[in-house]
Amino acid sequence: MKTDDIEGVGLPVEIGKIDRELVKLWEEAGETKTRASHINLVLYFEDRTQVQANTQLIADIATEHACRAILILAEPGASESAAKAWINAHCHLAGKRQICSEQITFHLTGETTQALPSIVFSHLDSDLPPCLWWLAPFQRTIDEQLWSWVDRLVFDSARWEDPPASFEIIRKIGALGDGRTVLGDLNWARILETRIAIAGLFDHAMALEKLSKLETIVIDHAPGHRTTALLLIGWLASRLGWKLQPLLGKPFFLAPSGAHVQFDLAEKPGPSISRCLFTSGACDFLLKHCNERNFFEATVSCPGSQEHPRIIKSGREKPADLLLSELSRGSRHGHYRHALEAILPLL
Amino acid sequence: MNRAVPEPCTVVIFGATGDLTHRKLVPALYNLAVEGALPQSVNVVGFARRDKTDEIFREELGEATRRYSRQSVNEELWTSFSDSIFYHRSAFDEAAGYASLAKRLDALDAERGTRGNRLFYLAAAPDQFQVILENLRESGLNVAPSGGWARVIVEKPFGTDLDSARALNALVEGSFPESETYRIDHYLGKETAQNLMVLRFANAIFEHLWNGRYIHHVQITASEPLGVEGRAGYYEKSGALRDMVQNHLLQLLCLTAMEPPAGLDADSIRDEKVKVLRSLRPLTSETVRTSVVRAQYGAGAINGKRVAAYRDEENVNPESVTETYVALQINIDNWRWAGVPFFVRVGKRLPKAATEIAIHFKGAPPVLFNATADLPTDNVLVIRIQPDEGISLRMSAKVPGAAVRVEPVKMDFHYGTSFGKAPPEAYERLLLDAMSGDPTLFARRDEVEEAWKFIDQIRNAWESDAADLAVYSAGSWGPTEADDLLARHDATWRRL
């Protein structure tokens, strides 16, 4: 993307006059447009090719979550230090009125990227909870004042290049301010439907009995989604009380019964999770993504019982859908941390 | 309730070539003229030392008004208005200058029908007040010609401590009676500050909740991203406590905390404000240490630009211990406010320009929807003094959808959009009130002295122990010590 593409993101404004310009924008709109907002949604990213995609994402989000969106493109490595800003609005029709969310876009380069906290603090819509989606690698130095202000921190562990280090940082952020910040991993949102589908596989009383005796798990995941598959295994391990055994040789889990649970991950092109196979004795429990279609086919095969394949909604893949799913949640993800802790040595 | 009509008069501004005259006073008078709020005959006479003609003075003020007026300048109206502006050259200590001023005012009265009414505006540096007031008295200008009135408007600071405030009050009293003395605190002229009383006493729903039974604490904030901006000479001596807390913020606290006045006349309201000041819990060196945080900004960034530390600003002592930030807990020992802390904070080089009062109500019991809430659920009523004057109420609401999910939302009232026009500048209202003889929005002598009495306790404690100056980065919301102050009361500063 050329610089011109960033310039086209909205109306250029002086940073010190953003609030005044926004007020003017809404006064000029008169009664035809209503500004709405119930969260401050801050997106921090360092990839300049993502400006338009993220602006579109805000437009998609705004139809369901009216917000003040603050997009921050930071380029800490740039030789020039500069800070620029633009404003724009995303409107959609609701009845006879247009409901609008406002977006402020910042482009920070060089040293000005260190001014991130002041940029965020200066432009929040007061009283509304700030939600920060961090789309860049986490910095090792934690700015406590910034992070302790965030009500909800969203990230995507599937993008982590150094998962153990990133998780350690997340853990520290989560502990700031008496652990007030809600952590929202889009990777966890990504496997929500998969988790529901897996739970469904064991709904039947006969199947439920096999759950505590699982022997092997095989998961096919898309390239770059190993963490997604591990999170899924971590979820099962934490819920079923399995303990990861020392990583000498091939890792496995030890069930409370003392049985070993083996697992294999295979990289396959396709959706983030395309296939999960669970074996317990002579029974197979299979969840398979139907190519090109947005559903799973779930099959239980046990000797002596008839197969009843079922069709189940599969997971979300688009970033806007994942973020909407995360924003639609009001509370903490009770099992997420436990799932992550269960597979931490494997990351 | 209609306002009093201002009478024809001459406004004499001492310090006519200064910033206040150019940025605030003359643009305010022009806006009043445009809106037809001024009487037909009003003269503005600038009194200053520099040599210049009426024409040059008018030109300079014209430029300033075009730049600083809240509404765009209509050249025809400006020309007509500026015909009533005059310049009088004299040093403040030049007796002959006052004698010639008296003659000139008499002539203007005769020519333009201003009836001998004079409003003297002390917009000069405080150290000039004494000489101006004494010369006004010596020249007899402090006494209006028969049938007219002579009033004085005194700009803050009203002293630098209780002793100097008493001395200044005695000095003013030597020339003008208290009834003709108008101590200006422009915060009181702001529409939202005035609306505080309307909100409290014209609406049935709030007053019942306005006490320690329902209110957890109150936060009063005045923040600005600006640094000292060339005012280091003044600021080094005053600091945030004297510059802002003694006057503006304690006035806002009084309006928030006072009992309903017996009437809407000036003295009934000011009596109630004084009662609040007298109920402030006295501070000791020990309580100053635990309930007052003073800090100074270090280097940082504002709006993406690097800014210097206070000690590196021009004309600031590199070892200065002047506070650019103060956060304090104030307790009001009366029936209504027992157990309700008022947290006041003021600072320079903070991320946003905002002045507001936030009433934090006690939370609902931690059951049902509040049993597992992650987001704040306490109701907060915010009165925004500036900018974007208005009122908002934060409450919890169910997010539409099948799940029961509760999130904070806010109901917001903006003056600008609800009334279709921006509220007038504070100086417009205050000048008009002074011309009309209504002192309600001006500080009375005892208010000023009671406020200093409280502030002096803090200054004295600081002077006996200079070690507790915290440092915060420019562009942050202040030092962590200020967060700790609220944390002790299970509260956090509002995220503005």
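These figures come from a predicted structure and were not determined experimentally.

(A) Representation of the overall build of chain B in the model. Looking only at helices and strands, chain B features 15 helices and 17 strands. A compact globule built from 496 residues would reach a C-alpha radius of gyration of about 23 Å, and chain B, at 24 Å, matches this within 12%. Its C-alpha atoms give chain B principal-axis dimensions of roughly 75 × 50 × 45 Å. Taking all 496 residues of chain B together, 58% fall into the buried category. Here the analysis covers contacts within chain B between residues at least 6 apart in sequence; of these, 78% occur between residues at least 24 apart. When the accessible surface of chain B is summed, it comes to about 20,600 Å², and 52% of that surface belongs to carbon and sulfur atoms. Placing the 57 positive and 68 negative side-chain charges of chain B at their respective mean positions leaves the two points 3 Å apart.

(B) Structural detail: the overall build of chain A. Along its length, chain A carries twelve helices and 17 strands. Based on the C-alpha atoms only, the size of chain A along its principal axes is roughly 70 × 50 × 40 Å. Looking at the 347 residues of chain A, the share that counts as buried comes to 54%. Split by element, the accessible area of chain A, about 15,300 Å² in all, is 51% carbon and sulfur.

(C) Region of interest: the pattern of salt bridges. A full pass over the atoms with the stated rule returns 62 salt bridges over all chains. In this structure, A:Lys213 and A:Glu209 form a salt bridge, with 3.0 Å as the shortest nitrogen-oxygen distance. When the shortest N-O distance is used, the salt bridge between B:Asp54 and B:Arg104 registers 3.1 Å. Separated by 50 residues along the polypeptide, B:Asp54 in helix α2 (residues 54–68) and B:Arg104 in helix α4 (residues 95–112) bring together distant segments of the chain. For B:Arg104, a relative accessible area of 24% translates into the label partly exposed.

(D) Seen up close, unusual backbone geometry. Residue and element names in this part refer to chain B. Residue Pro-157 is bonded to the preceding Lys-156 through a cis peptide linkage, with omega at 5 degrees. In this structure, the amide linkage connecting Gln-386 to the following residue, Pro-387, adopts the cis form with an omega of -15 degrees. As for its position among the elements, Pro-387 is in the loop between β14 (380–386) and β15 (390–398). Positive phi, close to 60 degrees, is recorded for Asp-490, a residue that is not glycine. Residue position: Asp-490 is located in the segment after α15 (480–487).

(E) Representation of the interface of chain B and chain A in the model. In this assembly, 25 residues from chain B lie in contact with 35 residues from chain A. Taking both sides of the interface into account, the surface hidden between chain B and chain A amounts to around 2,600 Å²; carbon and sulfur atoms contribute 50%. Summed over the shared surface of chain B and chain A, the result is four salt bridges. For B:Arg495, the salt bridge goes to A:Asp151, with nearest N and O atoms at 2.7 Å. Taken together, the links from chain B to chain A amount to ten residue pairs in polar contact (both at pLDDT 80 or more).

(F) Inspection of the environment of A:Tyr336 at higher detail. Relative to the helices and strands, A:Tyr336 is located in helix α12 (residues 336–343). Separated by 152 residues in sequence, A:Tyr336 and A:Gly184 place their C-alpha atoms 8.8 Å apart.

(G) Structural detail: the nonpolar core. Counting residues in each nonpolar core, the largest one holds 224 residues, and the members touching the most others are A:Trp147, A:Leu153 and B:Phe14. With 13 residues, the single largest contributor to this core is helix α9 (residues 232–257) of chain B. Taken together, domain 1 (11–188) and domain 2 (189–316 + 334–346) of chain A each give at least three residues to this core, which thus spans both.

(H) Fine view of the packing of α2(B) against helix α3 (residues 75–82) of chain B. Residue and element names in this part refer to chain B. Where α2 contacts α3, the two axes come as close as 11 Å, and the packing angle between them is 140 degrees. As far as their axial angle goes, α3 and α2 are oblique. Between α2 and α3 lies a crossing whose hand is right-handed. Counting all contacts with α2, which are made through Arg-58, Leu-61, Gly-62, Thr-65 and Arg-66, the residues of α3 involved are Glu-75, Trp-78 and Ser-82.

(I) Quick peek at the sheet that holds β14(B). All names here are of chain B. Strand order in the open sheet made by the nine strands is β16-β15-β14-β13-β7-β12-β11-β8-β17, with mixed pairing throughout. Strands with a single pairing partner mark the edges of an open sheet, and in this sheet they are β16 (406–414) and β17 (469–473). For this sheet the average axis-to-axis angle between neighbouring strands, irrespective of direction, equals 20 degrees. The sheet contact formed by strand β7 (residues 215–223) and strand β13 (residues 354–361) spans eight bridges and is antiparallel. In the sheet register, Ile-220 faces β13, and the bridge partner there is Ile-357. Sheet contacts for α9: β7, β11 (325–331), β12 (341–347), β13 and β14; angle to β12, the most-contacted strand, approximately 145 degrees. The strands touched by helix α14 (residues 445–464) are β8 (292–298) and β11; relative to β11, the strand with the most contacts, the crossing angle is about 125 degrees.

(J) Quick look at the packing of aromatic side chains. Evaluation of the coordinates by the stated rule reveals 32 aromatic pairs over all chains. Between the aromatic rings of B:Phe14 and B:Tyr98, the centroid separation amounts to 6.0 Å while the plane-to-plane angle is 20 degrees, which identifies the pairing as stacked. One end of the pair, B:Phe14, is in strand β1 (residues 9–14); the other, B:Tyr98, is in helix α4, and 84 residues separate them in sequence. Each member of the pair B:Phe14 and B:Tyr98 is classed as buried. One cation-aromatic arrangement involves A:Arg195 over A:Trp188; the distance from NZ or CZ to the ring centre is 3.7 Å.

(K) How the structure looks around the confidence of the model for chain B. All names here are of chain B. Here chain B averages 91 in pLDDT, while 98% of its residues score no lower than 70. No element of chain B has a lower mean pLDDT than helix α12 (residues 415–418), which averages 74, and none a higher one than β12, which averages 98. For this predicted complex, the interface confidence comes out at an ipTM of 0.76, alongside a pTM of 0.86.

The rules behind each value
Residues numbered from 1 in each chain as written. Chains lettered and ligands numbered in written order. Predicted model: local features only at pLDDT ≥ 70, side-chain atom pairs only at ≥ 80, totals over all residues. Heavy atoms only, no water. Helix = DSSP H or I, 4+ residues; strand = E, 2+ residues; numbered from the N terminus. Rg over C-alpha atoms; globule rule 2.2 N^0.38 Å. Buried < 20%, exposed > 50% of the residue type's maximum accessible area, 1.4 Å probe, protein only. Contact = heavy atoms within 4.5 Å. Areas by Shrake-Rupley, 256 points an atom, 1.4 Å probe, with all protein chains shown as cover. Lys, Arg positive; Asp, Glu negative; His and termini not counted. Charge placed at Lys NZ, Arg CZ, Asp CG, Glu CD. Salt bridge = Lys/Arg side-chain N within 4 Å of Asp/Glu carboxyl O. Buried area = accessible area lost by both parts, 1.4 Å probe. Polar contact = N/O pair within 3.5 Å; in protein donor to acceptor, adjacent residues only side chain to side chain. Core = buried A, V, L, I, M, F, W, Y, C linked by side-chain atoms within 4.5 Å. Domains from an automatic or database assignment. Axes fitted to C-alpha atoms, helices over the stretch in contact; angles between N-to-C directions. Parallel < 35°, antiparallel > 145°, perpendicular 65-115°, else oblique. Left-handed = near helix turned anticlockwise from the far one by under 90°. Pairing = 2+ DSSP bridges. Phe/Tyr/Trp six-rings, centres within 6.5 Å; stacked < 30°, edge-to-face > 60°. Lys NZ or Arg CZ within 6 Å of the ring centre and 35° of its normal. pLDDT = per-residue confidence, 0-100.

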